[in-house]
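Observations on chain architecture
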Amino acid sequence: MNIKNSIRIVVFGFLLASCDVVNLDPISTLTEANFYKTADDMNRAVVGIYSRYQARLPRDWAMLEMPTDHMYISPTYRGITGLETVDILDFQSSNDIFRNFWQTTYNGIFRANTVLKNLDNPTNYAANQKNQLEGEARFMRALMYFDLVRSFGGVPKVENPLTVEESRNQERASEEEIYALIVSDLKTAIEKLPPPSDIAYGRASKGAATALLGKVYIYLKDWQNAHSYLEQVDQYGYELLDNFQHLWSLQHEDNKECIFAIKYLEGSNSHRLSLDFLPYFGVEGVTASNGGELALVAWSLHKKFLDADSRKATTITEYWRSPGSGNPLQWKPYFSKFMVNNASISGMDIPVIRYADVLLLRSEALYNLDRKEEALSFLNKVRERAFKGTAYNYVLSDIANADQYLDKLLLERQLELALESQRWFDLVRTGRFMTVLSKIEWGYNPVTQTAQEVPLTPRAHYKYFPIPQHEIDQSYPGVLKQNEGYSNN
């Protein structure tokens, strides 16, 4: 089981000029014998934790958006092994998509554990620096365990660096144990982290830890604690941007809506998310090189955007023109939410927690606390930004019962957070994935006004992905159990 790569840790540089967590170029590979001695060593080690999440995040969509009603695989698809089976809800334990997610996440947890183990070594910390670094390590460990427990259910609970021998004997803990660790880490992070105003953008803050803990309580259906922490987020000055499109522009990256984002830098540390969904032959004015065109916009999502919704044009571009003089416009919808010029070397930051998400989660908590009018007000705050006014606001009669409310909530989360790797988790945690994913509309013909209906076969045990077979094989026989319903393949 690849929870621990080795006793070595690759420590990544810190871009001192802007204090952003962006530089993934390794400075050196250092053993514990000559590292973790100074405050600077520990700071660089903490940046190494972020770098693992930074490496994984741009392709999370392959596991968390691909099996939903948001997208389907392109005929020109190439480059991500296993994507074609995830697309049709054929989850196999041998799929590299699950393996890569597991391994990269556990490597980040290993780095966090190594930081926490060695925090007491340096004697030259600046005032409050040690607390901050511990808070960051605990926040990132909690975030990564939250991703794992939502994806796989109970997973190995590792709180200290392990030897190879120890890792092979590491059994799965229960979901309850993993969530208890997440809650504990986040409460400590809230205590030790500085407020957003006192830490560099791109690093975890007290506000980020508070928001994440509120979200964790939503998944635990602890509505009172969820609302309590989500309400506290407001004290840190976050707010919705007036223009939804500004969230996805390089000029407005460091904004008041983004509670926690992973930083990237064009050229020296970039990602391909901006290229993954662009048409194969490129896009006029954006990139003359070939686009990735790995996945296309599903009509199931596309049709839900009203024309008056400002999120539509930002999320989806309907008509495409290939580079070159005089080429005609063609109906070829593609995702453009993360699109930037020079898309193959995008430096656009990727948000992990946005204030809009917090508002929608707060609405959910309030509704389940039988505070329906307040729940409606937070739902409408997000909607008012999208429609630039109150004309499309919901009223109480629209959410007269729990099913109607959940319909509206999931729709708003779908339109607001498309491509932000929330849809799969939302469908699973609300028990809607079996119904929603039984039939999806993929392509749409605007001439005949017909959609391609595709029947799928979601199964109850799909609420968890399979434990990667590679990890089972790396453990001693019988130690790491497969999730129910999956065979080893």
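This write-up is about the structure you can find in this document. Values in this document were obtained by computation on a predicted structure and should not be read as measured data.

When helices and strands are tallied, the protein chain shows 18 helices and 10 strands. Relative to the globule expectation of 23 Å for 489 residues, the C-alpha radius of gyration of the protein chain, 22 Å, shows essentially globular dimensions. Oriented by its inertia axes, the alpha-carbon framework of the protein chain measures out at about 70 × 50 × 45 Å. Out of the 489 residues belonging to the protein chain, those deemed buried represent 59%. Restricting the contact set of the protein chain to residue pairs at least 6 apart, pairs at least 24 apart contribute 68%. As displayed, the protein chain offers around 19,100 Å² of accessible surface, 47% of which is attributable to carbon and sulfur atoms.

Positioned with a positive phi, Tyr36 is a non-glycine residue whose angle comes to about 60 degrees. Under the relative-accessibility criterion, Tyr36 is labelled buried at 0%. Of note, the phi angle at Leu419 is positive, near 75 degrees, even though the residue is not glycine. Along the polypeptide, Leu419 turns up in the loop between α15 (402-417) and α16 (423-429). By relative accessible area, which is 7% here, Leu419 ends up buried.

Turning to helix α1 (residues 39-56), a few remarks are in order. Here α1 is 18 residues long and its end C-alpha atoms lie 27 Å apart, about the 26 Å a rise of 1.5 Å per residue gives. Counting buried residues in α1 gives 15 out of 18 residues, a clear majority hidden from the surface.

Our focus in this paragraph is the nonpolar core. Ranked by size, the top nonpolar core spans 141 residues in total, and within it Trp61, Phe139, Tyr145, Ile182 and Phe260 carry the most contacts. Examining the composition of this core, we find that 12 residues originate from one element, helix α5 (residues 129-152), more than from any other. For Trp61, the contacting residues outside a window of four places in its chain are Met66, Met71, Ile80, Leu83, Leu273, Asp276, Phe277, Leu294, Ala295 and Ser421.

Here α5 crosses helix α8 (residues 206-219) at 25 degrees, and the two axes come no closer than 11 Å. Comparing their axes, α8 and α5 come out roughly parallel. Both α5 and α8 take part in a crossing whose hand is left-handed. Contacts from Phe139, Leu143, Phe146 and Arg150 of α5 reach α8 at Ala208, Ala209, Leu212, Lys215, Val216 and Tyr219. In terms of residue class, the contact of α5 with α8 is made up of eight nonpolar, no polar and two charged.

As a further point, take the pairing of strand β10 (residues 450-455). Where strand β9 (residues 439-445) meets β10, five bridges bridge the pair, whose relative direction is antiparallel. Bridge pairing in β10 links Ile440 to Val454.

Moving on to the pattern of salt bridges. Applying the stated criterion across every chain, the model contains 42 salt bridges. Of the charged contacts, one joins Asp147 and Arg150 as a salt bridge, the two residues approaching to 2.8 Å between their closest N and O atoms. Linking Asp147 with Arg150, this pair stays in helix α5, spanning three residues, or about one helical turn. By the burial criterion, Asp147 is buried, and Arg150 matches it. As a salt-bridge pair, Glu318 and Lys312 come within 3.3 Å of each other at their nearest N and O atoms. Residue Glu318 is classed as partly exposed on the basis of its relative accessible area of 23%.

Scoring rules and cut-offs
- Residues numbered from 1 in each chain as written.
- Predicted model: local features only at pLDDT ≥ 70, side-chain atom pairs only at ≥ 80, totals over all residues.
- Heavy atoms only, no water.
- Helix = DSSP H or I, 4+ residues; strand = E, 2+ residues; numbered from the N terminus.
- Rg over C-alpha atoms; globule rule 2.2 N^0.38 Å.
- Buried < 20%, exposed > 50% of the residue type's maximum accessible area, 1.4 Å probe, protein only.
- Contact = heavy atoms within 4.5 Å.
- Areas by Shrake-Rupley, 256 points an atom, 1.4 Å probe, with all protein chains shown as cover.
- Expected span 1.5 Å × (residues − 1).
- Core = buried A, V, L, I, M, F, W, Y, C linked by side-chain atoms within 4.5 Å.
- Axes fitted to C-alpha atoms, helices over the stretch in contact; angles between N-to-C directions.
- Parallel < 35°, antiparallel > 145°, perpendicular 65-115°, else oblique.
- Left-handed = near helix turned anticlockwise from the far one by under 90°.
- Nonpolar A, V, L, I, M, F, W, Y, C, P; charged D, E, K, R; others polar.
- Pairing = 2+ DSSP bridges.
- Salt bridge = Lys/Arg side-chain N within 4 Å of Asp/Glu carboxyl O.

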